[in-house]
Amino acid sequence: MNAAQPVEPPEPDDPVHDAVLAATLWLGNPVHFGGMLLRGASPARDALLEALVAASEAAGLPVRRLPAHIDDERLLGGIDLAASLAAGKPITTRGLIEEARGGLLVASMAERLDERIAGKLAQALDEEQAGLILLDDGAGEDERAPVSLAERCAFHCDLAASRARKVAALEAPPDARAVLSLDDDALKAIAATAGALGIRSIRALLFAGEAALAHAALAGREGAVRIDLEAAARLVLAPRATQMPPPPEDEQSESEQPPEPPAPDSSDPSSDSDTKNTDGKLEDRMVEAATAAIPADLLAQLAAGNAPRRAQGGGTGRRRKGGRRGKPLNARPGIPRGGTRLALIDTLRAAVPWQKVRAFNAGDEATGPERPEPSAPLRVRKDDLRVRRFEEKAMRVTIFAVDASGSAAAARLAEAKGAIEMLLAQAYVYRSEVALVAFRRESAEVLLPPTRSLTRARRALADLPGGGGTPLAIGLDTALGVARQVLAKGHTPSLVVLTDGRANIGADGQPGRKQAGEDAQAAASRVAREGIDALVIDISARPGPEGAALAEAMRARYLALPRGDAQALHRAVAPNARQKVQT
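Residues numbered from 1 in each chain as written. Predicted model: local features only at pLDDT ≥ 70, side-chain atom pairs only at ≥ 80, totals over all residues. Heavy atoms only, no water.

### A word on a nonpolar patch on the surface
Then, in step 1: A cluster of nonpolar side chains, contributed by L342, L344 and I345, occupies part of the molecular surface with about 250 Å² of accessible area.
Then, in step 2: Within the element layout of this structure, L342 appears in the loop between β9 (327-333) and α16 (344-351).
Then, in step 3: Exposure remark for L342: the relative accessible area of 35% places this residue in the partly exposed category. (Patch = residues over 30% accessible without salt bridge, like charges linked within 9 Å, V, L, I, M, F, W, Y side chains within 5 Å. Areas by Shrake-Rupley, 256 points an atom, 1.4 Å probe, with all protein chains shown as cover. Salt bridge = Lys/Arg side-chain N within 4 Å of Asp/Glu carboxyl O. Helix = DSSP H or I, 4+ residues; strand = E, 2+ residues; numbered from the N terminus. Buried < 20%, exposed > 50% of the residue type's maximum accessible area, 1.4 Å probe, protein only.)

### Regarding helix α7 (residues 115-126)
Then, in step 1: Between the first and last C-alpha of α7 there are 16 Å, a value that for 12 residues agrees with the 16 Å anticipated at 1.5 Å per step.
Then, in step 2: Every buried residue belonging to α7 is among I117, A118, L121, A122, A124 and L125, and all of these are buried. Along the axis of α7, the buried residues cluster in a sector spanning 160 degrees; they form a single face.
Then, in step 3: At its buried positions, α7 is contacted by β2 (63-66), α4 (72-76), α6 (96-99), β5 (104-107), β6 (131-136) and α8 (147-150).
Then, in step 4: Near the N-terminus of α7, the side chain that reaches the backbone nitrogen of R116, with its oxygen 2.8 Å away, is that of D114.
Then, in step 5: Immediately beyond the C-terminal end of α7, within one or two residues, lies E128, with a positive phi of roughly 55 degrees. (Expected span 1.5 Å × (residues − 1). Arc of directions from axis to C-beta. Contact = heavy atoms within 4.5 Å. Polar contact = N/O pair within 3.5 Å; in protein donor to acceptor, adjacent residues only side chain to side chain.)

### Some thoughts on the sheet that holds strand β11 (residues 396-403)
Then, in step 1: A sheet is described by the order of its strands in space; here 6 strands give the open sequence β13-β12-β11-β14-β15-β16, paired in mixed fashion. Each end of this open sheet is capped by a strand with a single partner; those strands are β13 (443-451) and β16 (557-560). Pairs of neighbouring strands in the sheet enclose a mean axial angle of 15 degrees, with direction left out of account.
Then, in step 2: As judged from the 4 bridges shared by strand β15 (residues 533-538) and β16, these two strands associate in the parallel manner. What sits directly across from V536, in β16, is Y558. (Pairing = 2+ DSSP bridges. Axes fitted to C-alpha atoms, helices over the stretch in contact; angles between N-to-C directions.)

### With respect to the pattern of salt bridges
Then, in step 1: One pass over the full model with this rule turns up 18 salt bridges.
Then, in step 2: For R45, the salt bridge goes to D137, with nearest N and O atoms at 2.6 Å. With a gap of 92 residues between them, R45 in helix α3 (residues 43-58) and D137 in the loop between β6 and α8 connect regions that are remote in the sequence.
Then, in step 3: By relative accessible area, R45 is classed as buried at 6%.
Then, in step 4: Residue class for D137 comes out partly exposed when judged on its relative accessible area of 33%.
Then, in step 5: For the salt bridge of R74 with E99, the shortest nitrogen-to-oxygen distance reads 3.3 Å. Of this pair, R74 sits in helix α4 while E99 sits in helix α6; the two residues are 25 residues apart in sequence, bridging distant segments of the chain.

In structure tokens form, the structure reads like this:
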């Protein structure tokens, strides 16, 4: 049986080839493989999804779509209120997971899935109730599908760069788990490859082993050979890489040992020569295959020593739960007071299962024909009451604290003004505000209170003073005061400090580098104790240790940007403005 190929073959290096192969292997046992993560909206992804759905329906498997903002009742099932009231007894409905049992569950906008829903889906995957397709449309590293679901998906495919528009019909391979198994050498090679790529999850190793067996069954082989293991490394391990593998020269110098003689195998000589006679370099071949399949952007990050970030999804600020406005959440038991509202449907749904018992209990003192019937009016008790809950994302306020001292003040202020204008231009998209604190000579000043008005910001930024000493401690304390005001309003502050960290004015306004440095460290510690998200940007011509030390005391991220401009500063700050802070 041959793997399905695109109807219009794209370029040889198009990621759709591996995505089609992964989908074919996944169809062999979607429940056991858990799920597939398809990232990057493109015609190729749409075509692959259509082929997956068609293959599942042709096999008689149920297919269900899962919206991003689904409630527990629709997901897990519950009481059908209308039918229960009409029948006089509880009538239950099946949830979406139960409807998709043994089949396919497609989750659109996976990057927006709530953690509560993700947890329930993860449990369903662990119990092998259904296979899951995650459609991740996140635009950046901070917008990703929940980690709890991503790690339970055997295959991760990024089709954003694919140019394919059609794929052929998919056909599931036979299930290889009952007839095939991996030998010790193959298992050791998979583990060594995962270790070289910095993968620590045992699930990835299990998925890689199952993928190798499925690939062998797809080709009609009676055992997994080197090409099957390489395919597993390419499809399962490569997208999960968190580090670059060690140089081959180092591995060769450590493994210069004579190869072990191949073990005899009377069933398939060709399979024996392919699996055993590899000169002790099976791990090297798998690592090379996995490295070649790592996406270019991820490869560049790994080469620079930057592990991919595991974000929990997009967002703008802290999440606040309340009873008045925001995204609706599941109702909870409670009394409707203090501004909260009664959730009537949920209240009735909680009361319905107890009506028969309550009807007879209410007539315990009555006898004969006076005894109430089960069809008596609906009885609602205090324990049945449910109140509405909403989740609202708090406004994020980015506070710029700019060092306006010295000869470079004009350049730093110009960069800050440009970045502020860029952030304000996106304020309505990211639901954010911007504030500006400038410090120089012996004082600091709030030049721009938190605002979303671009016109007001331009007017306030038109003539900014510069020059003089560096009262870093005073500037940090002033910015901290603004952050506390932001917190008092229920918003989320984010502090961006532009300085070289070389303070020469103390907290009392007196000159002296030693005391000024100690005061600045103390002020940075106060920011850290408040738990405020902070970023220190060192824009000095020759960044020294002072900026990094300040960031460490503040528990902030540190970025040296000696030749930064407004564009570079905006790129550094914008992800910080969009980062979600969970509570």
